[in-house]
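Observations on the three-dimensional arrangement
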Amino acid sequence: MGEIKVSPDYNWFRSTVPLKKIIVDDDDSKVWSLYDAGPRSIRCPLIFLPPVSGTADVFFRQILALTGWGYRVIALQYPVYWDHLEFCDGFRKLLDHLQLDKVHLFGASLGGFLAQKFAEYTHKSPRVHSLILCNSFSDTSIFNQTWTANSFWLMPAFMLKKIVLGNFSSGPVDPVMADAIDFMVDRLESLGQSELASRLTLNCQNSYVEPHKIRDIPVTIMDVFDQSALSTEAKEEMYKLYPNARRAHLKTGGNFPYLCRSAEVNLYVQIHLLQFRGTKYAAIDPSMVSAEELEVQKGGLNVSGQEEP
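Right, let's walk through the structure included here.

What counts, and where the lines are drawn
- Residues numbered from 1 in each chain as written.
- Predicted model: local features only at pLDDT ≥ 70, side-chain atom pairs only at ≥ 80, totals over all residues.
- Heavy atoms only, no water.
- Axes fitted to C-alpha atoms, helices over the stretch in contact; angles between N-to-C directions.
- Helix = DSSP H or I, 4+ residues; strand = E, 2+ residues; numbered from the N terminus.
- Parallel < 35°, antiparallel > 145°, perpendicular 65-115°, else oblique.
- Left-handed = near helix turned anticlockwise from the far one by under 90°.
- Contact = heavy atoms within 4.5 Å.
- Nonpolar A, V, L, I, M, F, W, Y, C, P; charged D, E, K, R; others polar.
- Phe/Tyr/Trp six-rings, centres within 6.5 Å; stacked < 30°, edge-to-face > 60°.
- Buried < 20%, exposed > 50% of the residue type's maximum accessible area, 1.4 Å probe, protein only.
- Lys NZ or Arg CZ within 6 Å of the ring centre and 35° of its normal.
- Polar contact = N/O pair within 3.5 Å; in protein donor to acceptor, adjacent residues only side chain to side chain.
- Right-handed = clockwise from strand over helix to strand, strands pointing away.
- Pairing = 2+ DSSP bridges.
- Salt bridge = Lys/Arg side-chain N within 4 Å of Asp/Glu carboxyl O.
- Expected span 1.5 Å × (residues − 1).
- Core = buried A, V, L, I, M, F, W, Y, C linked by side-chain atoms within 4.5 Å.

1. As for the packing of helix H6 (residues 157-165) against helix H8 (residues 193-204)
- Following both chains from N to C, one finds H6 and H8 inclined at 45°, their axes separated by 9 Å at the closest point. Overall, the two elements H6 and H8 adopt an arrangement that is oblique. Taken as a pair, H6 and H8 cross one another with a handedness that is left-handed. Contacts between H6 and H8 involve Ala157, Leu160, Lys161, Ile163 and Val164 from the former and Gln193, Leu196, Ala197 and Leu200 from the latter.
- Of the residues that constitute the contact of H6 with H8, the class distribution is 7 nonpolar, 1 polar and 1 charged.

Below you can see the structure in the form of structure tokens.
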């Protein structure tokens, strides 16, 4: 379903970019699935972390575009982890396995929360060089589900999927957004009970970000002005938490702008990463920088202050 509706590029992506499976825990049932594309000479790549309903391939549009411009991009799918500390420990082991000392993280919704928690977890020996937080949040209490977080593991898969689908847009949307929702429903269907239950547990388990531990990390907050699962209050809380963050606002895009507004999202990602150009933390092959700059200029987006298409 999703493969046909989203784009023919998706089938080409699946046939050309191999999916790797890596085990870093003692428990060999905990398997990280990932796409690692772009020049291996880059030692500080951009890593994408998906939302509750997402798999590694929901970022296929970012992988195709950004690697074409010379970036190294990794998109992940989490193993089953039941608490934030366990996730952070597993992610640290994965970075060790990939021999990556520092990385840039792009997190969507739950992925953004986990990116912040990992930056917080490693603040004494930093592993996160920058953050792009897309439709994300800093406190799980916004979902009013902390009291049920410990019972998700008991629920059957169909009930968990119903909970997730309840946050998808139900009103009228344009055809591209409709295709993106169909694609994400397709991805949701591919997840098993334990995968969904563990992600919902991470999404709703009582926890919040401690900003003083990550205040020195460059942050871009990316959100949409139309309907999404994120409340206005949650967005305002993010702005307060990161007063110096760049803001990348999209007029439309719903819950999944990386799929249905990928050109704008990709340009905002480039703008965020431009500040590291010429350093050892650049995520782009230096020989590709001039071509990349041209793409950013063509996009006509403002690099400084509050970014808005």
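2. Here we look at the packing of aromatic side chains
- Overall, the coordinates contain 21 aromatic pairs when judged by the stated rule.
- When the ring of Trp32 is compared with that of Tyr81, the centres are 5.9 Å apart and the planes differ by 55°; the resulting orientation is tilted. Here Trp32 is found in strand E2 (residues 32-37), whereas its partner Tyr81 is found in the loop between strand E4 (73-77) and helix H4 (84-97), with 49 residues between them in sequence.
- According to the relative accessible area criterion, Trp32 is buried, its value standing at 0%.
- A relative accessible area of 1% places Tyr81 in the buried class.
- These aromatic residues form a ring-pair network of at least three members: Trp32, Tyr78, Tyr81, Phe87, Phe91, Phe118 and Tyr121.
- Here the guanidinium or amino end of Lys102 rests over the ring plane of Tyr281, the centre of that ring lying 5.1 Å away.
- Taking NZ or CZ as reference, Arg247 lies 4.0 Å from the ring centre of Tyr239, over its face.

3. Side note on the environment of Ser33
- The topology assignment puts Ser33 in strand E2.
- By relative accessible area, Ser33 is classed as buried at 7%.
- Spatially, the C-alpha atom of Ser33 lies 7.1 Å from that of Ala56, the residues being 23 residues apart in sequence.
- Engagement of the side chain of Ser33 in a polar contact is seen with the side chain of Lys21, the distance being 3.2 Å.

4. Comments concerning the pairing of strand E3 (residues 46-49)
- Judged by which residues are buried, E3 turns out to be covered on both faces: Leu46 and Phe48 on one side and Ile47 and Leu49 on the other are all buried.
- Considered for its hand, the β-α-β crossover made up of E3, helix H3 (residues 60-68) and E4 is right-handed.
- Of the pairings in the sheet, the one linking E3 to strand E5 (residues 103-108) comprises 4 bridges and is parallel in character. Counted as the bridge partner of Phe48 is Phe106 from E5.

5. Examining the pattern of salt bridges
- Tallying each qualifying case throughout the model produces 16 salt bridges.
- For the salt bridge of Arg187 with Asp57, the shortest nitrogen-to-oxygen distance reads 3.2 Å. Of the two residues, Arg187 sits in helix H7 (residues 175-189) while Asp57 sits in the loop between E3 and H3, which places them 130 residues apart along the sequence.
- Owing to a relative accessible area of 11%, Arg187 belongs among the buried residues under this scheme.
- For Lys213, the salt bridge goes to Glu210, with nearest N and O atoms at 3.6 Å.
- Classification of Lys213 as partly exposed rests on a relative accessible area of 28%.
- One continuous salt-bridge network, built from bridges that share partners, spans Asp25, Asp89, Arg92, Lys93, Asp96 and Arg127.

6. Observations concerning helix H11 (residues 262-274)
- The end-to-end C-alpha separation of H11 is 18 Å, in line with the 18 Å expected for 13 residues at 1.5 Å each.
- Counting buried positions over the 13 residues of H11 gives 11, a clear majority of the element.

7. Let's talk about the nonpolar core
- Judged by nonpolar contacts, the single largest core of 98 residues is most densely connected at Ile47, Phe91, Phe106, Tyr242 and Tyr258.
- Setting aside anything within four residues of it in sequence, one finds Phe106 in contact with Leu46, Ile47, Phe48, Leu49, Phe59, Ile132, Cys134, Met222, Val265 and Val269.

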